[in-house]
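Letter by letter, the chains look like this.
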Amino acid sequence: MTLRVIAIDGPAGAGKSTVARAVARAVSLPYLDTGAMYRGVAFAVLRDGVDPADEDRVSGIAETVDVVVEPGGVTVDGHVVTADIRGPEVTSVVSVIATYSRVRATMRAAQRAWILAHGGGVVEGRDIGTVVFPDALLKVFLTASPLVRAARRVAQVGGDVDAIAASIAERDRIDSTRQDSPLRPAEGAVTIDSSGRSVDEVVREISDAYDQVSKSGDVTRG
Ligand code: CDP
């Protein structure tokens, strides 16, 4: 049995969230932002005043906190944190806590459970095609030039372009050099460089590729 999963991985600012949401609408699948799960854990770490460098305590939080990611928003232990998890405090620590193996194992299990409960989905993250859903029907590595990525992030959240570029570069470095499930294109992934391309174009390319693969093969829901 193959679950209907489209895995979209790539670095910050490549357009993953916008593209993944639109692809999900186009192919009628639910959308899961796995970064929001890691951000939820990072939020709880800061809320509890725990040092993000304390791997044991951070891992304990990841294993006990209740992070719920649904289209309507994100809650942590029942409190709505949809906006808070996008703030600079969470952004500056999330990649550090995402290097811890116990944190990642907990997130992977939650992501697989989410997809089973929802009968498939368009799943966006850093290790979806490589580790979480290596059997996804379609795997995409979405990237863009560093300049384009920084400019997009500034357009979304404001701030100084040089500071944002530096913060993205630092997260890229941590995400792609960590031991456990580093950011890299999955085997068999289609790599798409979204620099200079419209959202519609990229969404159409991915939706068309999905239509192709879902016509062939034994595909079931859930
Ligand atoms: O939206 P943006 O691309 O800036 O980041 P995000 O998707 O919200 O993810 C935030 C951070 O969570 C990433 O920089 C990674 O450190 C971590 N992450 C991860 O390690 N694995 C995932 N599947 C998703 C996110």
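Look up a bit, the structure's there.
The structure contained in this document is the topic of the report that follows. Because the structure is a prediction, the values reported are computed rather than measured.

## Re the packing of helix 2 (residues 34–47) against helix 5 (residues 101–118)
So, step 1. At their nearest, the axes of helix 2 and helix 5 sit 11 Å apart, and the two run at 135° to each other. Classified by the angle their axes make, helix 2 and helix 5 are oblique. Helix 5 is crossed by helix 2, and the crossing has right-handed handedness. Counting all contacts with helix 2, which are made through T34, M37, Y38 and V41, the residues of helix 5 involved are V103, R104, M107, A110, Q111 and W114.
So, step 2. Partitioned by chemical class, the residues of the contact of helix 2 with helix 5 number 7 nonpolar, 2 polar and 1 charged.

## Quick word on the side chain of T143
So, step 1. On the secondary structure map, T143 appears in strand 7 (residues 138–143).
So, step 2. With relative accessibility at 18%, the residue T143 sits in the buried group.
So, step 3. The contact partners of T143, leaving out residues within four places of it in the chain, are P11, A14, T191, I192, D193, S194 and S195.

## A closer look at helix 1 (residues 16–27)
So, step 1. The end-to-end C-alpha distance of helix 1, which contains 12 residues, comes to 16 Å, matching closely the 16 Å that a straight helix rising 1.5 Å per residue would cover.
So, step 2. Those residues of helix 1 hidden inside the fold are in contact with strand 1 (5–9), strand 2 (31–33), strand 6 (121–125), strand 7 and helix 9 (199–215).
So, step 3. Downstream of helix 1 by a residue or two, S28 has a phi angle that is positive, lying close to 55°.

## Overview of the site of the ligand
So, step 1. Lining the immediate environment of the ligand, one finds 20 residues, of which R39, R104, R153, R171 and D175 sit closest.
So, step 2. A distance of 2.6 Å is found between an oxygen atom of the ligand and a side-chain nitrogen or oxygen belonging to R39.
So, step 3. Contact with the protein chains covers 98% of the free accessible surface of the ligand, which is 530 Å².
So, step 4. Here the shell around the ligand takes 4 residues from helix 2, the largest share from any one element.
So, step 5. Looking at the shell around the ligand, its residues break down into 5 nonpolar, 4 polar and 11 charged.

## Concerning the environment of G13
So, step 1. Residue position: G13 is located in the loop between strand 1 and helix 1.
So, step 2. Between the C-alpha atoms of G13 and I192, which are 179 residues apart in sequence, the distance is 13 Å.
So, step 3. Every residue in contact with G13, bar those within four places of it in the chain, is listed here: R149, R152 and R153.

Rules of the game
- Residues numbered from 1 in each chain as written.
- Predicted model: local features only at pLDDT ≥ 70, side-chain atom pairs only at ≥ 80, totals over all residues.
- Heavy atoms only, no water.
- Axes fitted to C-alpha atoms, helices over the stretch in contact; angles between N-to-C directions.
- Helix = DSSP H or I, 4+ residues; strand = E, 2+ residues; numbered from the N terminus.
- Parallel < 35°, antiparallel > 145°, perpendicular 65-115°, else oblique.
- Left-handed = near helix turned anticlockwise from the far one by under 90°.
- Contact = heavy atoms within 4.5 Å.
- Nonpolar A, V, L, I, M, F, W, Y, C, P; charged D, E, K, R; others polar.
- Buried < 20%, exposed > 50% of the residue type's maximum accessible area, 1.4 Å probe, protein only.
- Expected span 1.5 Å × (residues − 1).
- Near = heavy atom within 4 Å.
- Polar contact = N/O pair within 3.5 Å; in protein donor to acceptor, adjacent residues only side chain to side chain.
- Areas by Shrake-Rupley, 256 points an atom, 1.4 Å probe, with all protein chains shown as cover.

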